[in-house]
Amino acid sequence: MSRTPLVDAWRRALATKRRPMQVPGHKMRYAQDAPGWAADLVGDTVGGDVPLQGGVDDNAFTNKYLDQAEALWADAVGADHSRFLLGGSSQGNIAALGTVADIDVPIAIDRTSHRSTQAALVISGARPVWIYPRLHPDFHLPIGMEASSITDVTEDVNGFFATSPSYIGTISDVASLVAAARARKQPLIIDQAWGAHLDFLPGMGAMSLGADISVTSVHKALLGYSSTAVVSMHDGLVARTTLDRWVDLTTTTSPSGTLFATIDGTRAAMERDGQARLELIAEAVADARRRLARVSGLVVLDDVNAGCRVDPLKLTLLLPGTGADGVALGAALFDMGHGPESADRDTLVLTATVADEPEWIIEFGEVLAALVESNRGEPRPASPLAVWRVEPEVVVTPRQAFFSDRRRMRLADAVGEVSAEQFCPYPPGVPLLAPGERVTQESVDAIIAAGKVGRVAYSSDPTLETIEVIEQL
Ligand SMILES: Cc1ncc(COP(=O)(O)O)c(C=O)c1O
């Protein structure tokens, strides 16, 4: 069997001259010498697109290239079973939670988790019992879920869901979470969307640490085409057939073989010399961190000052001590062509990956240091993002709220009502208010404040003037 079944098959398919009388509509004509109609408008963008069905594989999937590539991925990350996804870790979270959830049954979920968990709750009907990562006493940022968050849950939940790494790069002690979930004989899901690379570092990936299901975005930390992700699992507390059912429920019937092939190629590259590459980049990030730590007043998150492990490829800068405004720095970086992962007033998050050159990361450390210096202001106390400490009153399940009759009213007048919708600052994509939660003065203030400095997504009124609340009985 080939070690890169999808990449090889994709290359063969692209090199084969044919005139298919089936979809895709672009007929794979635009990668060929004689460009097709409207090539000036679509040629470059669809040129490499080969469908899985009738392209990379035949119409009946006789060669099972996708199954082979998924098995190779599972093997590489220490899982029993993996499925490739084209709906990102958003789809992965829906499939993972759906596998564990039951209608009206409580499930313990990290309230700082990504908005896609809300979609899983709407689809599955499960009732969230919120659990929280520890907050850093000075930085007020999440520094990992602790085992006690699992052991302290008093309800009879049917699973646990935690996010690691967090958006800012802080990593939970997944082994201790696994032990706590095992003691309760319930499955543990780790949203490792930001940490696909951790699966290729010894003892750092959620699968190798024993989580029951993990979700990783191949397009974030690794080399996959945008929107590619993988959900992986261990046999035991969850059944393959259930995960497969949820993946199949949420997926397209016309997947791009090209996109899948980028997952396959990424895995092969990481198996070949990915660990050495990761170590090289991590060393450069450590170098940049040391340089930035010399900037007076600047805190650069690391394993020591965070009090937990920090993703070795993340540069997370805490700015209050420098007086610099992170939103302005973020905009300046974007204009310079170095768009940051996220930028709020106090925090800048920069993502390095295996595609970066180590020399560039070191040079970028200098660029950043100079930028902070030239934007220096009066030091100020930290004003952390509200999303890291939302403690909502869940009045009805997200599913009940989603399907309720709704009425629109002014957001400012909605205190005491129950939200039918989500208000989600993006990034980091964690909802300030979600369907089924009581609207409070605090949530209204936080939404308005977030709207003044950035994008608050997924609410029905982009001006944030009004909200849809449920018609209460
Ligand atoms: C923690 C977390 N999980 C899941 C997702 C969803 O990932 P994707 O964009 O691959 O759908 C994100 C996206 O930012 C995220 O931050």
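Since we're looking at a predicted model, the values are computed, not measured.

## Considering the sheet that holds strand E9 (residues 299-300)
Sheet architecture is open: four strands sit in the order E9-E11-E13-E12, paired in antiparallel fashion. Of all strands in the sheet, those with a lone pairing partner are E9 and strand E12 (342-343), marking the two edges. Sheet topology places E12 next to strand E13 (residues 347-351); two bridges connect them, and they run antiparallel. Of the residues in E13, the one forming a bridge with Ala 343 is Leu 348. Sheet strands in contact with helix H12 (residues 326-335) are E12 and E13, and its direction is about 30 degrees off that of E13.

## Describing the domain arrangement of the protein
Here the protein is described as being made up of domain 1 (1-50), domain 2 (51-268), domain 3 (273-374) and domain 4 (387-470). Taking only C-alpha atoms into account, the centre of domain 1 sits 39 Å from that of domain 3.

## Looking at helix H6 (residues 116-124)
The buried fraction of H6 amounts to seven of the nine residues, a majority that puts the element mostly inside the structure. Here H6 has its buried residues at Ser 116, Thr 117, Gln 118, Ala 120, Leu 121, Val 122 and Ser 124. In the core, the buried residues of H6 are packed alongside helix H5 (88-100), strand E2 (106-110), strand E3 (127-131), strand E4 (160-163), helix H9 (240-249) and helix H14 (398-403). In the stretch just after H6, Gly 125 is the one whose phi turns positive, near 85 degrees.

## What to know about the pattern of salt bridges
The full count for this structure, using the stated rule, is 23 salt bridges. Among the salt bridges present, the one from Glu 271 reaches Arg 3, with a minimum N-O distance of 3.1 Å. Of this pair, Glu 271 sits in helix H10 (residues 257-293) while Arg 3 sits in the segment before helix H1 (5-15); the two residues are 268 residues apart in sequence, bridging distant segments of the chain. Connected through shared salt-bridge partners, Arg 3, Asp 264, Arg 267 and Glu 271 make up one network.

## Considering the packing of H5 against H9
Between H5 and H9, the least distance of the axes is 8 Å, while the angle of their chain directions is 140 degrees. Classified by the angle their axes make, H5 and H9 are oblique. For the element pair H5 and H9, the recorded crossing hand is right-handed. Contacts from Gln 91, Ile 94, Ala 95, Ala 96, Gly 98 and Thr 99 in H5 reach Thr 242, Leu 243, Trp 246 and Val 247 in H9.

So, how was this worked out
- Residues numbered from 1 in each chain as written.
- Predicted model: local features only at pLDDT ≥ 70, side-chain atom pairs only at ≥ 80, totals over all residues.
- Heavy atoms only, no water.
- Pairing = 2+ DSSP bridges.
- Helix = DSSP H or I, 4+ residues; strand = E, 2+ residues; numbered from the N terminus.
- Contact = heavy atoms within 4.5 Å.
- Axes fitted to C-alpha atoms, helices over the stretch in contact; angles between N-to-C directions.
- Domains from an automatic or database assignment.
- Buried < 20%, exposed > 50% of the residue type's maximum accessible area, 1.4 Å probe, protein only.
- Salt bridge = Lys/Arg side-chain N within 4 Å of Asp/Glu carboxyl O.
- Parallel < 35°, antiparallel > 145°, perpendicular 65-115°, else oblique.
- Left-handed = near helix turned anticlockwise from the far one by under 90°.

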